[in-house]
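Structural features, examined
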Amino acid sequence: RLLIWKHYINRTSLDSSDLAANKKFSLSILAHISSGYSAGNIRNAIMMTLPDAKVENLLKEVDVGRMPALTTNDFVSALSKLPFMFKEDYGSFVGYMIKQIPGEVDRRKLEANPEALQEEKKGKKGKKGKKKKKK
């Protein structure tokens, strides 16, 4: 999510590092809060918060050497007006993504129940034994 925020902010011709210089602005908080929102919703929140005229004013402030007067709350208020992904949909999405990442299923099983995963692996090893030769 952090990369999504950085990408779309940089596409407005602002530099995300210039915004991060402001103590009232935090990309990591935005990334955490936006969990459950799609990348398109994040893009829309940025477009609502940073119209072209505002971007020009912020660029002038940066050129002069002042910190941009933009806070995390500006983006949060725009994000709150956009549709949120419901828990059921988000759960199925996370389930799908877990299957796409190699080893993630085992890691999550291990976090939930370390003993069950070890027993499962032992059971698989026992089945892989050598086959008997036919005479």
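Structure: above.
Residues numbered from 1 in each chain as written. Predicted model: local features only at pLDDT ≥ 70, side-chain atom pairs only at ≥ 80, totals over all residues. Heavy atoms only, no water.

The helix and strand inventory of the protein stands at nine helices and zero strands. Counting from the amino terminus, helix and strand elements in the protein follow one another as α-α-α-α-α-α-α-α-α. Buried residues in the protein amount to 26% of all 135 residues. In the protein, the share of contacts with a sequence separation of at least 24, taken over all contacts with a separation of at least 6, comes to 71%. With the model as given, the accessible surface of the protein reaches about 10100 Å², and the carbon-plus-sulfur share is 56%. (Helix = DSSP H or I, 4+ residues; strand = E, 2+ residues; numbered from the N terminus. Buried < 20%, exposed > 50% of the residue type's maximum accessible area, 1.4 Å probe, protein only. Contact = heavy atoms within 4.5 Å. Areas by Shrake-Rupley, 256 points an atom, 1.4 Å probe, with all protein chains shown as cover.)

It is worth spelling out helix H5 (residues 52-64) at this point. Along its 13 residues, H5 runs 19 Å from first to last C-alpha, staying within 8% of the 18 Å computed at 1.5 Å per residue. Along H5, the residues classified as buried are Val55, Leu58 and Glu61. All buried residues of H5 fall inside an arc of 120° around its axis, so they share one side. Summarising the geometry of H5, the exposed residues directed more than 90 degrees from the buried face are Asp52, Ala53, Lys60, Asp63 and Val64. Of the residues one or two after H5, Gly65 is the one with positive phi, at around 110°. (Expected span 1.5 Å × (residues − 1). Arc of directions from axis to C-beta.)

Along helix H4 (residues 39-49), the positions that sit buried rather than exposed are Asn41, Ile42, Ala45, Ile46 and Thr49. What you see down the axis of H4 is that its buried residues fit within an arc of 140°, all on one side. At its buried positions, H4 is contacted by helix H1 (2-11), H5 and helix H6 (72-80).

The final tally for this structure, using the stated rule, is two aromatic pairs. For the ring pair Trp5 and Phe75, a centre distance of 5.8 Å and an interplane angle of 85° mean the geometry is edge-to-face. Taken together, the residues span a long stretch of sequence, with Trp5 in helix H1 and Phe75 in helix H6 at a distance of 70 residues. Both residues of the pair, Trp5 and Phe75, belong to the buried class. Ring pairs connect the aromatic residues Trp5, Phe25 and Phe75, which therefore count as one cluster. (Phe/Tyr/Trp six-rings, centres within 6.5 Å; stacked < 30°, edge-to-face > 60°.)

The residue Ser13 is not glycine, and still its phi comes out positive at about 75°. The residue Ser13 is located in the loop between H1 and helix H2 (16-20) in this model. The exposure class assigned to Ser13 is partly exposed, which follows from its relative accessible area of 47%.

The next thing to look at is the environment of Asp15. Its location among the elements puts Asp15 in the loop between H1 and H2. On a C-alpha basis, the gap between Asp15 and Val62 in space is 9.7 Å, while along the polypeptide they are 47 residues apart. For Asp15, the side chain forms a polar contact with the side chain of Ser17, separated by 2.7 Å. (Polar contact = N/O pair within 3.5 Å; in protein donor to acceptor, adjacent residues only side chain to side chain.)

Now for the nonpolar core. Ranked by internal contacts, the top residues of the largest apolar core, which has 21 residues, are Trp5, Ile9, Leu14, Phe25, Ile46, Leu50 and Phe75. Where this core is concerned, the elements lending two or more residues are H1, helix H3 (27-33), H4, H5 and H6. Discounting residues that sit within four places of it in the chain, Leu50 has contacts with Thr12, Leu14, Val55, Leu58, Leu70 and Phe75. (Core = buried A, V, L, I, M, F, W, Y, C linked by side-chain atoms within 4.5 Å.)

Packing of H1 against H4 leaves a shortest axis separation of 10 Å and a crossing angle of 40°. Put simply, H1 runs oblique to H4. Crossing angle aside, the handedness with which H1 passes H4 is right-handed. Of the residues in H4, those touching H1 at Ile4, Trp5, Tyr8 and Ile9 are Ala39, Ile42, Arg43 and Ile46. Looking at the contact of H1 with H4 residue by residue, the classes come out as seven nonpolar, no polar and one charged. (Axes fitted to C-alpha atoms, helices over the stretch in contact; angles between N-to-C directions. Parallel < 35°, antiparallel > 145°, perpendicular 65-115°, else oblique. Left-handed = near helix turned anticlockwise from the far one by under 90°. Nonpolar A, V, L, I, M, F, W, Y, C, P; charged D, E, K, R; others polar.)

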